[in-house]
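Now for the letters of each chain:
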Amino acid sequence: MRIWALLLLAIALGGFILYNRYKFKQAELKFPPNGRFVTVEGVRLHYISKGSGKPVVLIHGGVLTGNDFERVIEIAAGKGYRAIAFDRPGYGYSERPDSENVTPFVQARLIHAALKELGIEKPILVGHSWSGTLVLSYALLYPQDLEGIVTLGAAMYKEGYPAENGDQISKLVTTPVIGDLVLHTLLRSPLGTFLADRTLQATFAPESIPAGYREATHALWLRPGQFKANREDVLAFSPAAEQISKRYKEINHPVVIVAGEKDPFGTKEQSLRLKEDIPHAELIVLPEVAHMIPQNHPQQVVNAIDRLGRSSSAT
């Protein structure tokens, strides 16, 4: 009897795995890469680029891809910038190194190398959400290789980060064997999509989710590689932020800090703290605005880039 039960369980798991693989493949066919690729350190990174002029590099947060900045890119290119948005390592169609812990510092290093390969010099760096620490780390690691920084609803400190003390889902997903089983059986199940929808609602609240964003999230975020990369990043954030935040006071580049007044993740408080650490930075708190600034308020992003550009021209 026990053998038959195990056999039925194996068949059921196999069915779930095949179904999920089918859904992953269908998703990639529906949302194919729409940009170009550059390879650095053996890692292939996907990016989209439009326009010419002063380079602006846009780094997305923790859920989707460089396409989060799609409308920002259109507006910025129309104003005379060369706008470039990367899929961070492991997201979208960018590969993720498998030989080291992919911290914000490692991701900054890969993006720096990619910009060198593309011949991009002294860009303005724009980091949303999780990538606040990434762009600030970039400024400290490569101070001669950027013009300034814009943070958008950004996380920069361990204290107040939603997963400051760890995250159970992230620990489960990154556990050998068990994590792989979860990733390949449950992500595209009704439970997986239900939890993804709850995450989206919380991430955009109290503002609305743009048309098509939920479908893209199901298609791309709920793939094993990207979901695991995201959960690894959640776990990597606190130790990285604790280490690097002690040095934020050393940053002397022009900085514009943008936060939504109604951001539910405490990034307004983090932005106020960053302003204390970098007194010369300009702080902008957007009334009635929540967390997903690039998607719902692309013009405000470009306005911040413009303000930084004027600030750097005056120095």
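To start, this report covers the structure provided alongside it.

Criteria and thresholds
- Residues numbered from 1 in each chain as written.
- Predicted model: local features only at pLDDT ≥ 70, side-chain atom pairs only at ≥ 80, totals over all residues.
- Heavy atoms only, no water.
- 1 Å grid on protein atoms, 1.4 Å probe; cavity = no way out; pocket = protein on both sides within 12 Å on 5 of 7 lines; lining within 4 Å.
- Points joined across faces, edges and corners; volume = space filled by probe spheres on them.
- Helix = DSSP H or I, 4+ residues; strand = E, 2+ residues; numbered from the N terminus.
- Nonpolar A, V, L, I, M, F, W, Y, C, P; charged D, E, K, R; others polar.
- Expected span 1.5 Å × (residues − 1).
- Buried < 20%, exposed > 50% of the residue type's maximum accessible area, 1.4 Å probe, protein only.
- Contact = heavy atoms within 4.5 Å.

What follows deals with the layout of surface pockets. A volume near 990 Å³ is recorded for the largest pocket. Along its surface, the largest pocket is lined by 43 residues, and T199, W221, N230, R231 and V234 are the ones closest to its centre. Of all the elements in the fold, those that place two or more residues in the lining of the largest pocket are α5 (168–173), α7 (190–204), α9 (224–244) and α10 (267–277). The leading source of residues in the lining of the largest pocket is α7, at eight residues. Tallied by class, residues from the lining of the largest pocket come to 23 nonpolar, 14 polar and six charged. Approximately 410 Å³ is the volume found for the second largest pocket. Forming the walls of the second largest pocket are 22 residues, and the residues nearest its centre are N67, D68, E70, Y213 and A216. It is helix α8 (residues 213–221) that provides the largest number of residues to the lining of the second largest pocket, a total of three residues. Here the residues of the lining of the second largest pocket sort into eleven nonpolar, six polar and five charged.

Its 14 residues give helix α3 (residues 104–117) an end-to-end C-alpha distance of 20 Å, which sits within 8% of 20 Å, the value for a rise of 1.5 Å per residue. Of all 14 residues making up α3, ten are buried, and the element is well covered by its neighbours. Where α3 is concerned, the buried positions are P104, F105, V106, Q107, A108, L110, I111, H112, A114 and L115. The inward-facing, buried residues of α3 abut β1 (36–40), β2 (43–50), β3 (54–59), β4 (81–86), α4 (131–141) and α9. Count one or two residues on from α3 and you reach G119, which has phi positive near 75 degrees.

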